[in-house]
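Residue-level listing of the chains:
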Number of protein chains: 2
Amino acid sequence: MATTTKTAERARPTYFPQLAAERLDIALCRASAAVARAADAHATEEGLGVGQHLVLQMLDAVGPCSQQTLSEELRIDRSVMVSVCDDLEREGFVRRERNPRDRRSYAVTITDSGRRRLAEAQTSIPAFLGDTFHPLTPEERAQLGMLLGKLLGTGA
Amino acid sequence: MATTTKTAERARPTYFPQLAAERLDIALCRASAAVARAADAHATEEGLGVGQHLVLQMLDAVGPCSQQTLSEELRIDRSVMVSVCDDLEREGFVRRERNPRDRRSYAVTITDSGRRRLAEAQTSIPAFLGDTFHPLTPEERAQLGMLLGKLLGTGA
DNA sequence: GGACAATCATCTGCTGTCAAACGATCTGCA
DNA sequence: TGCAGATCGTTTGACAGCAGATGATTGTCC
């Protein structure tokens, strides 16, 4: 993203310090949404959105899942999960079969093609992520992940 | 928000640990957007959105500003700032006067009514925020703010 | 003075997210 | 068995964020 260079060029805006601490928290959370959005946009450009990547990764790791399970684990809204799976299915990366035990739900399964695509993505992504998170040291990134995880109640 | 109680009630979803670290970062950033959204929704319910609150707070602290300055400092998009100021002006919390030195820009000024509204909001918000951020200690909150700030290039 | 690029506020269109509602299906209970 | 309520996937409508274009204004360079 050009944001990094841009902020360097011009007198970069700063959260003005008089902001009440509580509001600053929220302002920053809101801003971290921008990071996620940028990552999303970039990943989509590369042909595999963050949501799609997460789904493939999870299916690869834990086997067939319902869309419900996927959306709960990955914090992607059910209605959004529909289109994520639509896209993945259209490209042949997953199969949707009705779960015979509960015909309301699907058993979403990763295909061999999906596994190959996943492997590709794993290699192309790190460079971009290094770019996005480069202001932070590896320790700080780990810490950020830990704090956000704690804030969101995902356990220690 | 009911999120805290809800996560306690039901088998709470967790980011499944096999997630590659890089993706987890982004997944968490994305999820923290949900925190910001929840805060926004709550604040709007109380009659003063987060954006509006931030603007009032800044105008109160640093005096009249152009919309451009406000949107840069507060990381609110220019086009969004238009409607934020529209709302504030309609309710009489700010005045928009043309800057005589540069008639392209406005000098947005907080009114006495705006100051009163700001004072009200300052008292009603902390309770909700304490609830939202209670998983973190004050030190951790400060650290989270620092890390996100660094990630976004707002300086140390 | 006049041409040109830059800036401010604004509007429009696109995308992603979410809440609410719906049909199909399952579960529990009488 | 039959019925009420819950759950799964889906669609729809509303809304925020963002990029790009526009009109008014400013500053700059010739």
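Below or above, wherever it landed, is the structure these notes cover. In this text, all values refer to a predicted model and were calculated from it rather than measured experimentally. (Residues numbered from 1 in each chain as written. Chains lettered and ligands numbered in written order. Predicted model: local features only at pLDDT ≥ 70, side-chain atom pairs only at ≥ 80, totals over all residues. Heavy atoms only, no water.)

Quick notes on the packing of aromatic side chains
Selection rule: When two rings of Phe, Tyr or Trp (its six-membered ring) have centres within 6.5 Å they constitute a pair, described as stacked for plane angles under 30 degrees, edge-to-face for angles over 60, and tilted for the intermediate range. Charge-over-ring placement is defined geometrically: NZ (Lys) or CZ (Arg) within 6 Å of the ring centre, and within 35 degrees of the ring normal.
Scanning the entire structure with this criterion turns up zero aromatic pairs over all chains. Across the ring face of A:Tyr106, the terminal group of A:Arg98 is positioned such that the distance to the ring centre comes to 4.1 Å.

Re the protein's contact with DNA strand D
Formally: Near, as used in this document, describes a residue that has one of its heavy atoms within 4 Å of the molecule or strand being considered. Two N or O atoms form a polar contact when they lie within 3.5 Å of each other; inside protein one atom must be a possible hydrogen donor and the other a possible acceptor, and for residues adjacent in sequence the pair counts only when both atoms belong to side chains. In this count, Pro and Cys sit with the nonpolar residues alongside Ala, Val, Leu, Ile, Met, Phe, Trp and Tyr, while Asp, Glu, Lys and Arg are called charged and the others, Gly among them, polar.
Around DNA strand D, 18 residues are found, and the nearest of them are A:Gln67, A:Gln68, A:Arg104, A:Tyr106 and B:Arg104. Sugar plus phosphate: this is where 70% of the atoms of DNA strand D within 4 Å of the protein reside. Within the side chain of A:Gln67, an N or O atom sits 2.9 Å from a phosphate oxygen of DNA strand D. At 3.1 Å, a side-chain N or O of A:Arg96 approaches a phosphate oxygen of DNA strand D. When grouped by side-chain class, the residues that make up the surface near DNA strand D number three nonpolar, six polar and nine charged.

Thoughts on the protein's contact with DNA strand C
Heads up, the condition is: Only runs of H or I of at least four residues qualify as helices and only runs of E of at least two qualify as strands under DSSP, and these elements are numbered from the N terminus.
Taken together, the neighbourhood of DNA strand C is formed by 19 residues, with A:Arg104, B:Arg37, B:Gln67, B:Gln68 and B:Arg104 sitting nearest. At 3.1 Å, a backbone N or O of A:Arg103 approaches a phosphate oxygen of DNA strand C. Among the elements of the structure, helix 5 (78-90) and strand 2 (102-110) of chain A together with helix 2 (21-45), helix 4 (67-74), helix 5 (78-90) and strand 2 (102-110) of chain B are those that each provide at least two residues to the surface near DNA strand C. When grouped by side-chain class, the residues that make up the surface near DNA strand C number three nonpolar, six polar and 10 charged.

Re helix 7 (residues 138-151) of chain B
Operational definition: Residue count minus one, scaled by 1.5 Å, sets the expected span of a helix. Partly exposed describes any residue whose relative accessible area lies between the buried limit of under 20% and the exposed limit of over 50%, with all areas from a 1.4 Å probe on protein chains only and scaled to the type maximum.
With 14 residues, helix 7 of chain B ought to run about 20 Å at 1.5 Å a step, and its terminal C-alpha atoms sit 20 Å apart, in line with that. Of all the residues in helix 7 of chain B, the buried ones are B:Glu140, B:Leu144, B:Gly145, B:Leu147, B:Leu148, B:Gly149 and B:Leu151.

Points about the packing of helix 3 (residues 50-62) of chain A against helix 4 (residues 67-74) of chain A
Residue and element names in this part refer to chain A. Stated formally: Orientation is described by lines fitted to C-alpha atoms, with helices fitted over the stretch in contact, and by angles between N-to-C directions that extend from 0 to 180 degrees. Should an angle lie under 35 degrees it is considered roughly parallel, over 145 roughly antiparallel, and from 65 to 115 roughly perpendicular; all remaining angles are considered oblique. Crossings are assigned a handedness: left-handed for a near helix turned anticlockwise from the far helix by less than a right angle, right-handed for a clockwise turn. Working rule for contacts: check all heavy atoms of both residues, and any pair within 4.5 Å makes them a contact.
The contact between helix 3 and helix 4 brings their axes to 11 Å, and the two run at 110°. One finds that helix 3 runs roughly perpendicular with respect to helix 4. The two elements helix 3 and helix 4 meet at a crossing, and its hand is right-handed. Along its contact with helix 3, which presents Leu54, Val55, Met58 and Leu59, the element helix 4 presents Thr69, Leu70, Glu73 and Leu74.

Quick notes on the packing of helix 4 of chain A against helix 5 of chain A
Residues and elements named next belong to chain A. Viewed as axis vectors pointing N to C, helix 4 and helix 5 meet at an angle of 115°, and their least axial separation amounts to 9 Å. Classified by the angle between their axes, helix 4 and helix 5 sit roughly perpendicular to one another. For the pair helix 4 and helix 5, the crossing hand works out as right-handed. Between helix 4 and helix 5, the residues in contact are Gln67, Gln68, Leu70 and Ser71 and Arg78, Met81, Val82 and Cys85, respectively. Taken together, the residues of the contact of helix 4 with helix 5 sort by class into four nonpolar, three polar and one charged.

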